[in-house]
2 protein chains.
Amino acid sequence: MRYHKIPDETVRRLPLYWRVLHSLSAKDQVHMSSKTLADIVHVNPWQVRKDLSYFGTLGTPGVGYDVKKLLKEIGNILRLNGTQKAVLVGVGNLGAALLKYPGFESYGFDIIAAFDKHPRKIGKTINNVIVKDVSQLNDLKGRDIYIGIIAVSATSAQDIAGKLIDVGICGILNFAPVYLTVPKKVTIRNIDIALDLARLPYYMPAKLVGKAI
Amino acid sequence: MRYHKIPDETVRRLPLYWRVLHSLSAKDQVHMSSKTLADIVHVNPWQVRKDLSYFGTLGTPGVGYDVKKLLKEIGNILRLNGTQKAVLVGVGNLGAALLKYPGFESYGFDIIAAFDKHPRKIGKTINNVIVKDVSQLNDLKGRDIYIGIIAVSATSAQDIAGKLIDVGICGILNFAPVYLTVPKKVTIRNIDIALDLARLPYYMPAKLVGKAI
């Protein structure tokens, strides 16, 4: 089931709510107010109530929301219930760190395969994942893996994106600092670490940064 | 000099332009059209011309923009000319990868110090940076360092942010998956890797993701 009327801004916040609910559920908390949720993720309580109302979930006045029910509901919308298999290409410094990144598991993601082109990387085991030769990407076909993480260089990223799409990947998290052209059916999110850092100095007090240059 | 009238959306794109100009300048290219720039960063040529017009830079019809002049101008606005010193706190897998990340250098950033609380990390040298005890953060005072990168756990991040701000940091790139409260004078950008991955499945074809769950 798709919820076509949920605005992108709400979809952007839903995983934040999901993560809070997940941790409250693990602590066996039964109910939660919109204010509690709002305080933790730093939005207004009315925003939380509006976001949740898009899929018909209303809290009970004086009681709040049912934690487990809401967790399951948001998980269904975001498709975070159950485990999502993912693959990673590019096991350099960043790629290796991503293979060990504990945050993915908290959303139910499991990186089950990793690929690199460098012979000295191939065959290594990192966090229980054996690094394979990138030429073996084709073996992923038909294995119900739809999420790919690209951590190769900017010059290789477009080629790798094409290969991932060829084996059925339709969601890509791209760390290469380059714009990737993908078919419309493929969703891509870019994390350009240096670019985000480069956006900071403009907003910092001029007298300080002037000194640093 | 601040350019108060430049919209955030333009500031968001300027580092992309800067990076392209930097690489063209390194190849001794003298002129560049708005179309060339637009094609590389995947926006419309009119958007490029509009963005650049905010600070009074106009191309010459039939010739384009002067690469070196424009590079310097954007660099001055973004304060990317010269080297910007930065510090990193949290030398776990991700922090260590960030210390080795080549992308920062391309914008003139230099991570000159790193800190961790774990004895087995302290004293290690990673990419020519010696990891120091987080208790030594105070030594940064008065050293003209204004940019901090936080790669500690979610539970420690707020405490570390406070300590960084105490020693004069006013621009923070935060990788901890938590909302940090900072004074208004401090600019913060968050990179929440798992959160970005968690936003993908919603947009992927339902029949595929349904199978994966």
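Residue numbers run consecutively from 1 along every chain, following the written order of its sequence. Chain letters and ligand numbers both follow the written order, the letters beginning at A and the numbers at 1. Residue-level local features of this predicted model are given only where pLDDT is at least 70; pairs of side-chain atoms are given and counted only at 80 or more, and the full residue set underlies all totals for whole chains, interfaces and linings.

### Points about the overall build of chain A
Regarding its fold elements, chain A presents 8 helices and 9 strands. Projected onto the principal axes, the alpha-carbon positions of chain A cover approximately 60 × 55 × 35 Å. Counts of 20 or more other C-beta atoms within 10 Å of a residue's own C-beta define buried residues, counts of 12 or fewer define exposed ones, and intermediate counts define partly exposed ones; C-beta atoms are placed from the backbone. The buried share among the 213 residues of chain A stands at 42%. A sequence separation of at least 24 residues applies to 55% of the contacts in chain A between residues at least 6 apart. Secondary structure elements follow DSSP: runs of H or I of four or more residues count as helices, runs of E of two or more count as strands, with numbering from the N terminus. Here contacts are defined at the residue level, using C-beta atoms placed from the backbone and a cut-off of 7 Å between them.

### Quick look at helix α3 (residues 45–53) of chain B
Residues and elements named next belong to chain B. By the burial criterion, the buried members of α3 are Val 48, Asp 51 and Leu 52. In a view along the axis of α3, the buried residues occupy a sector of 90°, so they form one face of it. For α3, the exposed residues lying more than 90 degrees away from the buried face are Trp 46 and Ser 53. Taking the helix axis as origin, the arc is that swept by the directions to the C-beta atoms.

### As for the relation of the copies chain B and chain A
Screw-axis analysis of chain B against chain A gives a translation of 0.0 Å along the axis, an RMSD of 0.0 Å, and a rotation angle of 180°. Interpreted geometrically, this transformation is the action of a two-fold axis. Of the interface residues in chain B, 100% have counterparts in chain A that sit at the interface too, so the contact is made through matching surfaces. Here the copies are superposed with least squares, the fitted atoms being C-alpha atoms of residues at a pLDDT of at least 70 in both.

### Focus: the sheet that holds strand β4 (residues 109–116) of chain B
Residue and element names in this part refer to chain B. In this analysis, strands are considered paired if DSSP registers two or more bridges between them. Taken in spatial order, the 7 strands line up as β5-β6-β4-β3-β7-β8-β9 in an open sheet, and their pairing is mixed. Either end of the sheet is taken by a strand with one partner, and the two such strands are β5 (125–126) and β9 (187–190). Note that strand β3 (residues 84–89) and strand β7 (residues 147–150) share 4 bridges and pair parallel. Paired with Ala 86 across the two strands is Ile 147, which belongs to β7.

### Considering the sheet that holds strand β7 (residues 147–150) of chain A
Residues and elements named next belong to chain A. The 7 strands are arranged β5-β6-β4-β3-β7-β8-β9 in an open sheet whose pairing can be described as mixed. With partners counted over all chains shown, the strands left at the sheet margins are β5 (125–126) and β9 (187–190), one partner each. An axis is simply a line fitted to the C-alpha atoms; with a helix, the fit covers only the stretch in contact. Between two such axes, the angle follows the N-to-C directions and lies from 0 to 180 degrees. Here helix α6 (residues 154–166) sits on the sheet in contact with β3 (84–89), β7 and β8 (171–174), set at roughly 165° to β7.

### Section: the nonpolar core
Here, a nonpolar core means buried Ala, Val, Leu, Ile, Met, Phe, Trp, Tyr and Cys residues linked by C-beta atoms lying within 7 Å of one another. By size, the foremost hydrophobic cluster in this structure holds 136 residues, and its most contacted members are Val89(A), Ile150(A), Leu88(B), Val89(B) and Ile150(B). Discounting chain neighbours no more than four positions away, the residues touching Val89(A) are Phe115(A), Val134(A), Gly148(A), Ile150(A), Ala151(A), Val152(A), Ile160(A) and Leu164(A).

### Some details on the packing of helix α1 (residues 8–26) of chain B against helix α4 (residues 67–78) of chain B
Between two packed helices, what matters for the description is the angle formed by their axes and the separation of those axes. Residue and element names in this part refer to chain B. At their nearest, the axes of α1 and α4 sit 9 Å apart, and the two run at 140° to each other. Between α1 and α4 lies a crossing whose hand is left-handed. Residues Leu 14, Pro 15, Tyr 17, Trp 18, Leu 21, His 22, Leu 24 and Ser 25 of α1 lie in contact with α4, whose contacting residues are Val 67, Lys 68, Leu 70, Leu 71, Ile 74, Gly 75, Ile 77 and Leu 78. Only Asp, Glu, Lys and Arg are considered charged, only Ala, Val, Leu, Ile, Met, Phe, Trp, Tyr, Cys and Pro nonpolar, and every remaining residue, Gly among them, polar. Taken together, the residues that form the contact of α1 with α4 break down as 12 nonpolar, 3 polar and 1 charged. By convention, the crossing between two helices is left-handed when the near helix turns anticlockwise from the far helix through less than a right angle, and right-handed when the turn is clockwise.

### A look at helix α1 (residues 8–26) of chain A
A turn of α-helix holds 3.6 residues, and therefore any two residues three or four places apart point the same way. A helix is expected to span 1.5 Å multiplied by its residue count minus one. Compared with the 27 Å implied by 1.5 Å per residue over 19 residues, the 28 Å span of α1(A) between its first and last C-alpha is a close match. Across the chain, bend at a residue is computed as the angle between axes fitted to the seven residues ending at that point and the seven starting from it. Most pronounced at Leu14(A), the bend in α1(A) amounts to some 25°, and the proline Pro15(A) follows within four residues. Burial in α1(A) covers these residues: Leu14(A), Pro15(A), Leu16(A), Tyr17(A), Trp18(A), Arg19(A), Leu21(A) and Leu24(A). Tucked into the core, α1(A) has its buried residues touching β1 (31–32), α2 (34–41), α3 (45–53) and α4 (67–78) of chain A together with α8 (193–198) of chain B. Of the residues flanking the end of α1(A), it is Asp28(A), one or two places downstream, whose phi is positive at about 60°.

### Observations regarding the environment of Arg13(A)
Residues and elements named next belong to chain A. Note that Arg 13 resides in helix α1. On a C-alpha basis, the gap between Arg 13 and Lys 100 in space is 25 Å, while along the polypeptide they are 87 residues apart. Contact partners of Arg 13, with chain neighbours within four places excluded, come to Val 41, Val 43 and Asp 51.

### Some words on the interface of chain B and chain A
Contacts between the two partners involve 56 residues from chain B, matched on the other side by 56 residues from chain A. Here the side of chain B that touches chain A gets 6 residues from one element, more than from any other, and that element is α8(B).

### Remarks on unusual backbone geometry
Of note in this structure, Asp144(A) is not a glycine but carries a positive phi near 55°. A positive phi angle, close to 70°, is found at Asn128(B), a residue other than glycine. Overall, Asn128(B) belongs to the exposed group, with 8 C-beta atoms counted inside 10 Å.

### Some points on the confidence of the model for chain A
The share of residues in chain A with pLDDT of 70 or more is 95%, and the mean pLDDT across the chain is 91. ipTM for the predicted complex: 0.91, alongside a pTM of 0.91. The predictor attaches a confidence to each residue, called pLDDT, with possible values from 0 through 100.

### A closer look at the pairing of β7(B)
The side chains of a regular strand alternate, residue by residue, between the two faces of the sheet. Going residue by residue along β7(B), you find Ile147(B) and Ile149(B) tucked away on one face and Gly148(B) and Ile150(B) tucked away on the opposite face as well. Chirality of the crossover, the property in question, places the unit of β7(B), helix α7 (residues 154–166) of chain B and strand β8 (residues 171–174) of chain B among those that are right-handed. Looking down the strands as they point away from the viewer, one classifies a crossover as right-handed if the path from the first strand across the helix to the second runs clockwise.

### Quick notes on the environment of Lys68(A)
Residues and elements named next belong to chain A. Relative to the helices and strands, Lys 68 is located in helix α4. Overall, the presence of 15 C-beta atoms within 10 Å leaves Lys 68 in the partly exposed class. Counting along the chain gives 39 residues from Lys 68 to Gln 29, while the straight-line C-alpha distance between them is 8.6 Å.

### Considering the domain arrangement of chain A
How big an interface is tends to be reported as the loss of accessible area on association of its parts. Delimitation of the domains relies on an automatic or database domain assignment. Per the domain assignment, the segments making up chain A are domain 1 (8–78) and domain 2 (84–197). For domain 1 of chain A versus domain 2 of chain A, the separation of C-alpha centres amounts to 31 Å.

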